[in-house]
Amino acid sequence: MTLQDDPLQPGPQGNSAYQRLLDEIREGSLPPGERLREIELSERLGVSRTPVREAIRQLEADGLVTHVPRQGATVRSLDYAEVMELYEMRAVLEGTAARLAARAASDVELDELDVLNDRLAEAGTGPEAARINRIFHATLLDAAKNRFLAKSMLSLQKALLILGPSQLLDGDRAEAAVAEHRLIMAALKARDGAAAENEMRAHIHAAQRMRIRALQERDRTTDQTQ
């Protein structure tokens, strides 16, 4: 069976709707708990209900959408334990990618990572910084040259989308991320796999700590308004 024959694979319009909804989940305009109403989405996206239905089905297969009784398709919410587990797995996988990249990355790939991190420093905060940061991590993953690792990361990255907007919207975190990238780059250029893995794990754990603080602040705010 080809990819086109796969009944779970959306058609062209369904794929376009799927990408739009993915972006909206990533940006936080479709937050956890948000209902996905086919009629409203089809009107907003300018497509029929069939592509929207295909997109929702694909999001459900990705684990980003679930069906809630009496509500229907809803963007998934992650509890505290799930967030911890996601970041622990991210530290393992991206740490491994950094270790492998220290051995396998070409000088051209290392130069490109430097350029991307310089662009990230110039971007400051906001959506463009988040986009460059994603490219930086994807480029490092490509430099590891391990297809099975890349496939595992893709699945994890989709789950991380549920967390919403990037932490690089915060100026302090954006500045710290650039500095942490530089430590990773120093280890990569030294071809020190153990150091590269340790620096990457430290980078992910720093992001994890900030995410936990943000979740705790959100929960406190919710409790105060109830």
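1. Some details on the overall build of the chain
Looking only at helices and strands, one finds nine helices and two strands in the chain. Tracing the chain from N to C terminus, the helices and strands come up as α-α-α-β-β-α-α-α-α-α-α. For the chain, whose C-alpha radius of gyration is 19 Å, the value lies close to the compact-globule estimate of 17 Å for 226 residues. Structurally, the chain occupies a C-alpha span of about 55 × 55 × 30 Å along its principal axes. Looking at the chain as a whole, 42% of its 226 residues qualify as buried. At a minimum sequence separation of 6, the contacts of the chain that also span at least 24 residues come to 74%. For the chain, the computed accessible surface area is about 12,400 Å², with 51% contributed by carbon and sulfur atoms. Charge separation in the chain, taken as the distance between the mean sites of 30 positive and 36 negative side-chain charges, equals 3 Å.

2. Some details on the confidence of the model for the chain
Summary statistics for the chain give a mean pLDDT of 88 and a share of 90% for residues scoring 70 or more. Per-element confidence in the chain is highest for helix H5 (residues 107-123), whose mean pLDDT is 97, and lowest for helix H9 (residues 193-225), whose mean pLDDT is 82. Scored below 50 in pLDDT, residues 1-8 shows six contacts in the model against residues more than four places distant or in partner chains.

3. Considerations on the nonpolar core
By size, the foremost hydrophobic cluster in this structure holds 62 residues, and its most contacted members are Leu36, Leu59, Leu140 and Leu188. Aside from chain neighbours lying at most four places away, what touches leucine 188 is Ala98, Ala101, Ala102, Leu110, Leu113, Leu140 and Ala196.

4. Here's the deal with the pairing of strand E2 (residues 72-75)
With four bridges connecting them, strand E1 (residues 65-68) and E2 associate as antiparallel partners. Across the sheet, residue valine 65 finds its bridge partner in E2, namely valine 75.

5. What to know about the pattern of salt bridges
Going through the model one piece at a time under the given rule, you end up with 15 salt bridges. For arginine 49, the salt bridge identified is with glutamate 38, shortest N-O distance 3.3 Å. Here glutamate 38 lies in helix H2 (residues 38-45) and arginine 49 lies in helix H3 (residues 49-62), a separation of 11 residues in the sequence. In this structure, lysine 145 and glutamate 109 form a salt bridge, with 2.7 Å as the shortest nitrogen-oxygen distance. In this pair, lysine 145 sits in the loop between helix H6 (127-144) and helix H7 (147-160) while glutamate 109 sits in helix H5, placing the two residues 36 residues apart along the sequence. Put simply, Glu38, Arg49 and Arg53 are held in one network by salt bridges that share partners.

6. Focus on the packing of H2 against H3
At a minimum axis separation of 9 Å, H2 and H3 run at an interaxial angle of 110°. Taken together, the axis directions place H2 and H3 in an arrangement best described as roughly perpendicular. Considering the relative orientation of H2 and H3, their crossing is right-handed. Facing Glu38, Ile39, Leu41, Ser42 and Leu45 of H2, the residues of H3 in contact are Arg49, Val52, Arg53 and Ile56. Taken together, the residues of the contact of H2 with H3 sort by class into five nonpolar, one polar and three charged.

7. Examining the environment of isoleucine 212
Of note, isoleucine 212 is situated in helix H9. Separated by 128 residues in sequence, isoleucine 212 and methionine 84 have C-alpha atoms that sit 8.3 Å apart. With near-sequence residues (within four places) excluded, isoleucine 212 lies in contact with Tyr80 and Met84.

Definitions and cut-offs
- Residues numbered from 1 in each chain as written.
- Predicted model: local features only at pLDDT ≥ 70, side-chain atom pairs only at ≥ 80, totals over all residues.
- Heavy atoms only, no water.
- Helix = DSSP H or I, 4+ residues; strand = E, 2+ residues; numbered from the N terminus.
- Rg over C-alpha atoms; globule rule 2.2 N^0.38 Å.
- Buried < 20%, exposed > 50% of the residue type's maximum accessible area, 1.4 Å probe, protein only.
- Contact = heavy atoms within 4.5 Å.
- Areas by Shrake-Rupley, 256 points an atom, 1.4 Å probe, with all protein chains shown as cover.
- Lys, Arg positive; Asp, Glu negative; His and termini not counted.
- Charge placed at Lys NZ, Arg CZ, Asp CG, Glu CD.
- pLDDT = per-residue confidence, 0-100.
- Core = buried A, V, L, I, M, F, W, Y, C linked by side-chain atoms within 4.5 Å.
- Pairing = 2+ DSSP bridges.
- Salt bridge = Lys/Arg side-chain N within 4 Å of Asp/Glu carboxyl O.
- Axes fitted to C-alpha atoms, helices over the stretch in contact; angles between N-to-C directions.
- Parallel < 35°, antiparallel > 145°, perpendicular 65-115°, else oblique.
- Left-handed = near helix turned anticlockwise from the far one by under 90°.
- Nonpolar A, V, L, I, M, F, W, Y, C, P; charged D, E, K, R; others polar.

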